[in-house]
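# Overview (structure and organization)
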Amino acid sequence: MTDNLTALTITAASLAFIHTVLGPDHYLPFIVMSRARKWTIYKTSWVTLLSGFGHVISSILLGTIGIGVGIALNKLEFMESVRGDLAAWLFVLFGLGYMSWGIYRAVKNKPHKHIHYHGNGTSHVHEHTHLEEHDHTHKNNITPWILFTIFFLGPCEPLIPLLMYPAAKNSSWGVAQVSIVFGLVTILTMLVLVLMASYGLKFVRLGKMERFTHAIAGATILLSGIAILFLGL
């Protein structure tokens, strides 16, 4: 069992890494929201870690409970599939709503000019926006908790089959080891990808398109949900 468990653990780590990298929904939402809402590296990190933990722990709980009560693998996978569809639709709805708000905000935030006249007869033109001067999007922010909820509902599809082998061998430690390794690799991969991309985006200047960052973030999340639903990503 020891050799088999070692091989299974390596497989779990490999699948966790590949599953995360090939699933843009694991990192794109955090990258675009971090840029749009101007999150600090600290906030971006804890939102990613919290959501990643919720993403992994929900599948671990479902798998261990299913194993404990003797639910067959095909039924567990069906339950994960249902959760996956639910999470994808929540991505679509959240992305659509956030994109719509972002477009509205960008339109309202269109730069406009005022002419200021001085007592000596001279004048100058002042261009500004109102929303940027009174931007409080960082306050009372429920976005991290929305992301956490969606990720908690989202399944880790490769994990359930991996748990079945040590469970069949009555190895509680095997189940725990596979779960911990899969979870840690998934969460750390998410964090590294998010932080690398977020750091790189700090040097990207959108110019006049900057006011559309919220709309772009919403569209990205919307497309992530569509990709999950129709492309199986």
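Everything below is about the structure shown above.
My aim in this report is to walk through the structure given alongside it, one point at a time. In this text, all values refer to a predicted model and were calculated from it rather than measured experimentally.

## So, helix α8 (residues 213-231)
- Here α8 spans 25 Å end to end across 19 residues, near enough to the 27 Å set by a 1.5 Å rise per residue.
- All of the buried residues along α8 are Thr-213, His-214, Ala-215, Ala-217, Gly-218, Thr-220, Ile-221, Leu-222, Ser-224, Gly-225, Ala-227 and Ile-228.

## Details of the side chain of Ser-34
- Counting through the fold element by element, Ser-34 comes out in helix α2 (residues 28-36).
- A polar contact is formed between the side chain of Ser-34 and the side chain of Thr-44, at a distance of 2.7 Å.
- The residues contacting Ser-34, other than those within four sequence positions of it, are Trp-39, Thr-44 and Ser-198.

## Structural notes on a nonpolar patch on the surface
- Taken together, Leu-223, Ile-226, Phe-230 and Leu-231 make up a surface patch of nonpolar side chains, about 450 Å² in accessible area.
- Locating Phe-230 in the fold gives a position in helix α8.

## Things to note about the nonpolar core
- Counting 21 residues, the largest nonpolar core has Phe-30, Met-33, Phe-91, Phe-94, Leu-147, Ala-217 and Ile-221 as its most contacted members.
- By size, the runner-up hydrophobic cluster in this structure holds 14 residues, among which are Ala-12, Ala-16, Ile-60 and Leu-159.

## Quick notes on unusual backbone geometry
- Located in the positive-phi region is Lys-38, a residue other than glycine, with phi close to 55°.
- Take Lys-38: it is sitting in the loop between α2 and α3 (41-69).
- Take Lys-38: its relative accessible area is 62%, and that puts it in the exposed class.

## Regarding the packing of aromatic side chains
- Summed over all chains, the structure comprises seven aromatic pairs.
- For the pair Tyr-98 and Trp-101, a centre-to-centre distance of 5.4 Å together with 50° between the ring planes defines the contact as tilted. Taken as a pair, Tyr-98 and Trp-101 lie in helix α4 (residues 73-108) at a separation of three residues, close to a single helical turn.

## A word on the packing of α2 against helix α7 (residues 172-201)
- Here α2 crosses α7 at 35°, and the two axes come no closer than 9 Å. Here the hand of the crossing between α2 and α7 comes out right-handed. Residue-level contacts link Phe-30, Ile-31, Ser-34 and Arg-35 of α2 to Met-190, Leu-193, Val-194, Ala-197, Ser-198 and Leu-201 of α7.
- Its residues assigned to classes, the contact of α2 with α7 shows seven nonpolar, two polar and one charged.

## What about the environment of Leu-50?
- Secondary-structure assignment places Leu-50 in helix α3.
- Excluding residues that lie within four positions of it along the chain, Leu-50 makes contacts with Trp-145 and Phe-148.

Conventions we followed
- Residues numbered from 1 in each chain as written.
- Predicted model: local features only at pLDDT ≥ 70, side-chain atom pairs only at ≥ 80, totals over all residues.
- Heavy atoms only, no water.
- Helix = DSSP H or I, 4+ residues; strand = E, 2+ residues; numbered from the N terminus.
- Expected span 1.5 Å × (residues − 1).
- Buried < 20%, exposed > 50% of the residue type's maximum accessible area, 1.4 Å probe, protein only.
- Polar contact = N/O pair within 3.5 Å; in protein donor to acceptor, adjacent residues only side chain to side chain.
- Contact = heavy atoms within 4.5 Å.
- Patch = residues over 30% accessible without salt bridge, like charges linked within 9 Å, V, L, I, M, F, W, Y side chains within 5 Å.
- Areas by Shrake-Rupley, 256 points an atom, 1.4 Å probe, with all protein chains shown as cover.
- Salt bridge = Lys/Arg side-chain N within 4 Å of Asp/Glu carboxyl O.
- Core = buried A, V, L, I, M, F, W, Y, C linked by side-chain atoms within 4.5 Å.
- Phe/Tyr/Trp six-rings, centres within 6.5 Å; stacked < 30°, edge-to-face > 60°.
- Axes fitted to C-alpha atoms, helices over the stretch in contact; angles between N-to-C directions.
- Left-handed = near helix turned anticlockwise from the far one by under 90°.
- Nonpolar A, V, L, I, M, F, W, Y, C, P; charged D, E, K, R; others polar.

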